[in-house]
Amino acid sequence: MDESRPTQPTPPGSKRPTACVQCQKHKVRCVLPGRKPPCHRCLGKRLPCVFKKDPTYPLPSSENRLLSALLADLETLQSAVNELRAAGDLPDLPALQSTAALGGLRSGSKLPEDSRCEEQYISGAASAELIDKHPEAPSRDETTATQPPIQSLYQITHLRSLRSQGLVSTDETTHHGHEADDLISRKTLSMADAKMLVNRYLRKTDHYLYGIASEYKNLKEIRQASPLLLTAILTVEALQRSESEQLYRVCYAEFRNLMADFLFSHSISLEDLRGLCIACFWLSDISWSISSVAIRRAVELELHKSFPMAIDALKSQQQSPDTLDSRTKKLVDSVRIWHLLYICDQHLAILYGRPHIMREDEGIQNWALYLAIHRNPTDIRILSQVALLQILRSVSETFGQDSKRRVPVLLKPQLDAFLQQIDQWVNHWLGISQDHPIIGAYPSKAIMLHHHFSKLLVSSHVFRGIGRYPIQDPLPVEFQGLASVAIDSARAVLETTVTDPDILDAFVGIPHYYQTMIAFACSFLLKTAKVYRHQVSLNSTSVIGAITPVIDLCLGANCTSYHLAHWIGRGLRTLLNDYIKWLEHEGARDQGLDPRSQGQSRNLPAARSTSAHMDVDGSNGAWGPILPNDYGENLLSSTLYESVQPDLETNMFGFPWDPSISFASLEHMGLGLL
């Protein structure tokens, strides 16, 4: 140690605080590169680095003498100014705050908690963090007459929160030299569990969402990219395995905490948005809330401007499409994420019957141009969805979203035209769809499922506003054909779901839109067979036979009890039991029997206990002979599925429930359609 510059001992009570507010909040080490904020972590994440106490070290004696001289000069100048103000009958200046601050630095002592100097220090540090110091920040001189008002405000104030980040690369927002701050580094989740979940996701689950995270090969790369992306992947994959239920609870709670921080964070990256996309497609209970945040932040990152830039970049590299440079790859990635946000927004608008958020901008309308320049299996899958959702969006804009408003018969040609467009859509995209090396023929099978989903959605419009009774409120004759299309489409959805091997293999891992639409198809058949039985001819036995294997599939799925499939299975089981009991009641009433006696025994009435099995025709409730079926002789018995009995020690659905995890209503679980 240099003895010519001895350091003063730290006075009692003047110990420097160990961490800033942000580092204390996340329980990580706070490293100051010098004597003043910001620390390494806040500097890297562009966060306000604020200490509750002055973090300055005691100064050496030579610097202490310099501070003493500065204090003396300030006092002299203040006295001189006060004399001049007194000559003009003006009051003296208030005490200089810098004098108190310099005095504290000279003595090395802590300022009083209620001191205005400490408040000024904190306020000054926060103000410094609000000012934009990015090297690419536009100058105040860069003004145009047509710029947006917020840009003018930015150029006047240079507040960092007013500037759009633009398309920032991952490398610019990732700090490889610092320890990752995530649930693994905090020992909330073990490294072994994290590797297991990430490897399973990358190996298969990711391909059901068009390989959105395919550029990453292992856990280390994902941790370096974004904590939000990492946690979204862990949460989604843990949701899909029954043995990972405890891991899901941990990851889900961490994801919600990260979302709360992300909502007010100025610094965002493309990898953060990638993580939000993954969560939107799989976490049904919070997807509506997440999607709106993701779309807003994507606009802030200017992803909506990536399409024309990607087109120009791809045109310039058409000679070597397989060797795109890093900038072009980043633009292509940005376009894909923008398209996925559009798909998610339209899916949620369909599921909830609410207005969509995103408009059809240049990147959505000109998907054919993009595919002509950059044609590969991934973009074919994504853009097939964009093309279909453009049709369904037109349906919503034509007929509105009020399910109680009847569709005039005059609009039948429009319904026919939309159905024709959907048929043309499936023929076109099946012709260019390709099998996937991991998930096989699933891309083509998914196109067929969406074809059935869409025809069900469009043709079911004919039931809007239709009452139960054909005399008072009949289904128009012109709509009979469309009603049959809706019923056939719903049956096709269920048959494909329970018979196709690729769909069966993917059932647990596919995004929740598929599972919700499958639930909607079941609900549609049950309601049509019960409510509109006088309007359409629908065999109730076939309805029960179509829904029963779906219930078996959902209840037998190897996933956590929080997965949407289990909720669908239990809910459908209750609805089907209610429907079967209603059939027994209607059958007894038609035969003049006491309906109450029917629920006291599993045995069917004598008239139906013969060797010939009987069928219920939903159009008139009459019993008729049918052939034996695959689901047992007592298909219409109310004991086909026993009613779920509440368990006071668990919950009404009979599986463990963690009250510390907050879930939304059944509507947000995707079951509002039921």
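Residues numbered from 1 in each chain as written. Predicted model: local features only at pLDDT ≥ 70, side-chain atom pairs only at ≥ 80, totals over all residues. Heavy atoms only, no water.

> Looking at this structure, how should I read the packing of helix α19 (residues 412-432) against helix α20 (residues 442-459)?
In a packed pair of helices, the relevant descriptors are the angle between the two axes and the axis-to-axis distance. Viewed as axis vectors pointing N to C, α19 and α20 meet at an angle of 180°, and their least axial separation amounts to 10 Å. It follows from the interaxial angle that α19 and α20 lie roughly antiparallel. Where α19 approaches α20, its residues Leu415, Phe418, Leu419, Ile422, Asp423, Trp425, Val426, Trp429 and Leu430 are matched on the opposing element by Ser444, Ile447, Met448, His450, His451, Ser454, Lys455, Val458 and Ser459. Counted by class, the contact of α19 with α20 contains 11 nonpolar, 5 polar and 2 charged residues. (Axes fitted to C-alpha atoms, helices over the stretch in contact; angles between N-to-C directions. Helix = DSSP H or I, 4+ residues; strand = E, 2+ residues; numbered from the N terminus. Parallel < 35°, antiparallel > 145°, perpendicular 65-115°, else oblique. Contact = heavy atoms within 4.5 Å. Nonpolar A, V, L, I, M, F, W, Y, C, P; charged D, E, K, R; others polar.)

> It is not clear to me how the packing of α20 against helix α23 (residues 512-531) should be interpreted in this structure. Could you clarify?
The geometry of α20 relative to α23 is characterised by a closest axis approach of 11 Å and an angle of 45° between their N-to-C directions. In terms of their interaxial angle, α20 and α23 are classed as oblique. Where α20 crosses over α23, the handedness of that crossing is left-handed. Judged by residue contacts, Tyr442, Ala446, Leu449, His450, Phe453, Leu456 and Leu457 of α20 engage Tyr513, Tyr514, Met517, Ile518, Phe520, Ala521 and Phe524 from α23. Grouping the constituent residues of the contact of α20 with α23 by class yields 13 nonpolar, 1 polar and no charged. (Left-handed = near helix turned anticlockwise from the far one by under 90°.)

> Looking at this model, I keep getting lost on the packing of aromatic side chains. Mind explaining?
Here a ring pair, both rings aromatic, is described through the centre-centre distance and the interplanar angle of the planes. Inspection of the entire model under this criterion finds 16 aromatic pairs. Considering the side-chain rings of Tyr579 and Trp582, the 6.0 Å spacing of their centres and the 20° angle between planes classify their relative orientation as stacked. Note that Tyr579 and Trp582 are positioned in helix α25 (residues 564-590) at a spacing of 3 residues, about one turn of the helix. Of the two residues, Tyr579 and Trp582, neither departs from the other in class, the shared state being buried. Through pairs of rings, three or more aromatic residues link up here, namely Tyr208, Tyr442, Phe453, Tyr513 and Tyr514. Looking at Arg297, its charged tip hangs above the ring of Phe262, at a distance of 5.0 Å from the centre. Over the ring of Trp288 we find Arg354, and its NZ or CZ is 4.6 Å from the ring centre. (Phe/Tyr/Trp six-rings, centres within 6.5 Å; stacked < 30°, edge-to-face > 60°. Buried < 20%, exposed > 50% of the residue type's maximum accessible area, 1.4 Å probe, protein only. Lys NZ or Arg CZ within 6 Å of the ring centre and 35° of its normal.)

> Before we go on, may I ask you to explain the nonpolar core in this structure?
Inside soluble globular proteins, nonpolar side chains tend to come together where they are buried. The biggest cluster of nonpolar side chains holds 160 residues, and the ones touching the most others in it are Phe255, Ile278, Trp429 and Leu494. Counting 10 residues, the second-largest nonpolar core is a separate cluster that includes Ala19, Cys20, Leu32 and Cys42. (Core = buried A, V, L, I, M, F, W, Y, C linked by side-chain atoms within 4.5 Å.)

> Can you help me understand unusual backbone geometry in this one?
In terms of backbone geometry, most residues other than glycine have negative phi values and most peptide bonds are trans. Located in the positive-phi region is Lys27, a residue other than glycine, with phi close to 60°. Considering the arrangement of structural elements, one finds Lys27 in the loop between α1 (21-26) and α2 (40-45). Looking at Lys27, the relative accessible area reads 76%, which means it is exposed. Not every positive phi belongs to a glycine, and Lys187 is a case in point at roughly 65°. Checked against the element boundaries, Lys187 lands in the loop between α7 (170-173) and α8 (191-203).

> Quick question: what am I supposed to make of the pattern of salt bridges here?
Between side chains of opposite charge, a pair can form when the charged atoms approach closely. Tallied over the full model, the rule gives 23 salt bridges. As a salt-bridge pair, Glu215 and Arg274 come within 3.1 Å of each other at their nearest N and O atoms. One end of the pair, Glu215, is in the loop between α8 and α9 (219-225); the other, Arg274, is in helix α12 (residues 270-282), with 59 residues separating them in the sequence. A residue is classified by how much of its surface remains accessible, and Glu215, at 42% relative accessible area, is partly exposed. What makes Arg274 buried here is its relative accessible area of 0%. A salt bridge links Arg393 to Glu360; the nearest nitrogen and oxygen atoms lie 3.8 Å apart. Here Arg393, found in helix α18 (residues 377-399), pairs with Glu360, found in the loop between α15 (326-352) and α16 (362-365); they are 33 residues apart in sequence, far enough to count as distant. Note on Arg393: relative accessible area 8%, which makes it buried. (Salt bridge = Lys/Arg side-chain N within 4 Å of Asp/Glu carboxyl O.)

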